[in-house]
Amino acid sequence: MIRSKYYHNTMRADDMNPNDYITQTMNQFTELFSEPALNQLGKDINFSKRDRDITSYRLSMAVITVLANHSIDSIADIHRGFNALFDKDVEYKPFHNQLVKNAFPELMRHMLNQLLNGFALQALSFNSDSPFAKFSSILLQDGSSFAINPKLSDVFPGRFNRYTPAAVELHVTVDLLSECPQSITLTPDTTSEPQFLPDVGELLDTLVMGDRGYVKKEYIHQVVKHPSVSCIIKGKSSMNPLVKRVLLEDGREVKAWRNQPLKDIKHKLRKTSVMDMDIQWKDEKEWFECRLIVSWNPQGNYYQYLITDLSRDTFSTEHIINAYRLRWQIELMFKEWKSHANLQAFTTEKASIVEGLIWGSLCAAILKRYMAHVTQKVSHKAISTRKVAKSGAYFMMELMRTLIEAPQNLMAALTKIIKFLSGNAKRDSVRRDRMDGRSKLGLEAFFG
């Protein structure tokens, strides 16, 4: 198993003015892409013993820039991008030899670690009227997988061996309010999912939301016992807790369903009403109680089961169902990574290249998302992360060239980029969001 984790602390700087944000961003880029620091790192991890044409600094800069700039088809595209960015004439073979090194993914892991720990700003907040305003963090948990070269099946076995002998999965925890990953773990696609849920003991004033692949009774029990952590996790149709009480949308109780196993009343469930159940479950040690919200999905032709410990007095069934829809934001982020940061399976048979380019694509995606959030802070306009992700070709090359060739002009370059993004990447569905989108529960762009 290949496993790497990263954590960030979201920066909250309510008293910062627009120029402060630009200055902070300039300093962050300068520190992240420090040539002496990155070249020393390369020596420390045995990527390179001495500085040649392909240094740690140049390679990491080139990989991130090319992956962020436009859609690419092959490693040769990265090679060409390297030569163009640094005005070199390196042949493909020696370039490829650097990517094969075991230290290459370690180099890109370092870059991603730096990004996740420093390049995050609060981008969203719930208004004071929303019951979800009590949470300082909303964590979304999910995984995204894709097939890779079948010859890597010994390193990264796939779940569906007949069709995808080799596949990887990224297990990701996203902080909804910063719209950024809090942890990322790379594993073979066969690895069990629930173990990657955030550690309840490390959380405070947090709501955790996960798909049905992350149902784990022991975990839910930990949440129930924690005074300031809650969860909404999609249940599996096969689960069978004891149903203690069932309330319909109009407040009436279905007394005939009291104290029965869920499987015994499944054939009686109603498609015309949301059912709010008090359930009792037993993990390996003891019984515990929570709520189960059951609703009919006419588009998918199935019942949706949402397990939560949120109080019925404060959180209605509508609150919980609408909140769970916010988990779709992590799916949109996965789509953004694959569509606009080149998170894909290249044809390579080398595990080090697969892993290194995965980390590189995530670096590219996080850099662009950070620029979206800085632009939002500076312009006081709601900015679309998707539009910024699509716009990499219009600003990433200019930004990186300035860092390489004229770092003294970085402030001016960032100011120009922010002006461009504020005019061309505005979120155009703000009004619709308040009707049936992410703002329905009072979740709005945060400019502080």
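All values derive from a computational prediction rather than experimental measurement. (Residues numbered from 1 in each chain as written. Predicted model: local features only at pLDDT ≥ 70, side-chain atom pairs only at ≥ 80, totals over all residues. Heavy atoms only, no water.)

A. Here's a closer look at the nonpolar core. Counting 111 residues, the largest nonpolar core has F33, L170, W337 and I358 as the members making the most contacts within it. Per-element tally for this core: the top contributor is helix α11 (residues 351-379), with 16 residues. The contact partners of I358, leaving out residues within four places of it in the chain, are F146, V168, L170, L186 and L343. V208, V223, C231 and L262 belong to the second largest nonpolar core, which has 33 residues in total. (Core = buried A, V, L, I, M, F, W, Y, C linked by side-chain atoms within 4.5 Å. Buried < 20%, exposed > 50% of the residue type's maximum accessible area, 1.4 Å probe, protein only. Helix = DSSP H or I, 4+ residues; strand = E, 2+ residues; numbered from the N terminus. Contact = heavy atoms within 4.5 Å.)

B. Expanded view of the packing of aromatic side chains. Taken as a whole, this structure holds 13 aromatic pairs when the rule is applied. Between F119 and Y370, the ring centres sit 4.9 Å apart and the planes meet at 65°, which makes this aromatic pair edge-to-face. Residue F119 is located in the loop between α6 (103-118) and β1 (124-126), and its partner Y370 is located in helix α11; the two are separated by 251 residues in the primary sequence. With relative accessibility at 4%, the residue F119 sits in the buried group. Here Y370 falls in the buried class, since its relative accessible area comes to 0%. The structure contains a cluster of three or more aromatic residues connected by ring pairs, namely F29, F33, F119 and Y370. Stacked on the ring of F47, the Lys or Arg K101 has its end atom at 4.9 Å from the ring centre. Over the face of the ring belonging to W281 we find K217, whose NZ or CZ atom lies 5.9 Å from the ring centre. (Phe/Tyr/Trp six-rings, centres within 6.5 Å; stacked < 30°, edge-to-face > 60°. Lys NZ or Arg CZ within 6 Å of the ring centre and 35° of its normal.)

C. Layout of the pattern of salt bridges. All told, the structure shown has 18 salt bridges when counted by the stated rule. Here R245 and D278 are joined by a salt bridge, their closest N and O atoms 3.1 Å apart. Residue R245 is found in strand β7 (residues 242-247), and its partner D278 is found in strand β9 (residues 275-282); the two are separated by 33 residues along the sequence. Judged by its relative accessible area of 31%, R245 falls in the partly exposed class. One salt bridge in this structure joins R312 and D276, with 2.8 Å as the shortest N-O distance. Here R312, found in the loop between β11 (302-308) and α9 (317-325), pairs with D276, found in strand β9; they are 36 residues apart in sequence, far enough to count as distant. Its relative accessible area of 26% is what places R312 among the partly exposed residues. (Salt bridge = Lys/Arg side-chain N within 4 Å of Asp/Glu carboxyl O.)

D. Structural detail: the side chain of S228. Tracing the sequence through the fold places S228 in the loop between α7 (217-225) and β6 (229-234). S228 sits in the buried class, given a relative accessible area of 16%. Here S228 is in contact with L204, D205 and T206, once residues within four sequence places are set aside.

E. The packing of helix α1 (residues 18-32) against α11, seen in detail. Between α1 and α11, the least distance of the axes is 9 Å, while the angle of their chain directions is 160°. Between α1 and α11, the angle falls in the class roughly antiparallel. In this structure, the crossing between α1 and α11 has a hand that is left-handed. Contacts between α1 and α11 involve P18, Y21, I22, Q24, T25, Q28, F29 and L32 from the former and L367, Y370, M371, V374, K377 and V378 from the latter. Each residue belonging to the contact of α1 with α11 can be placed in one class, and the counts come to 10 nonpolar, three polar and one charged. (Axes fitted to C-alpha atoms, helices over the stretch in contact; angles between N-to-C directions. Parallel < 35°, antiparallel > 145°, perpendicular 65-115°, else oblique. Left-handed = near helix turned anticlockwise from the far one by under 90°. Nonpolar A, V, L, I, M, F, W, Y, C, P; charged D, E, K, R; others polar.)

F. Here's a closer look at the environment of W287. Following the sequence through the fold, W287 ends up in strand β10 (residues 287-297). W287 sits 92 residues away from S379 along the chain, and the two C-alpha atoms are 52 Å apart. W287 has contacts with H221, Q280, W281 and K282, leaving out every residue within four places of it along the chain.

G. How the structure looks around the sheet that holds strand β4 (residues 180-188). One open sheet holds the 10 strands; their spatial order is β4-β3-β2-β5-β6-β11-β10-β9-β7-β8, and the pairing between them is mixed. At either end of the open sheet lies a strand with only one pairing partner, and these are β4 and β8 (260-261). (Pairing = 2+ DSSP bridges.)

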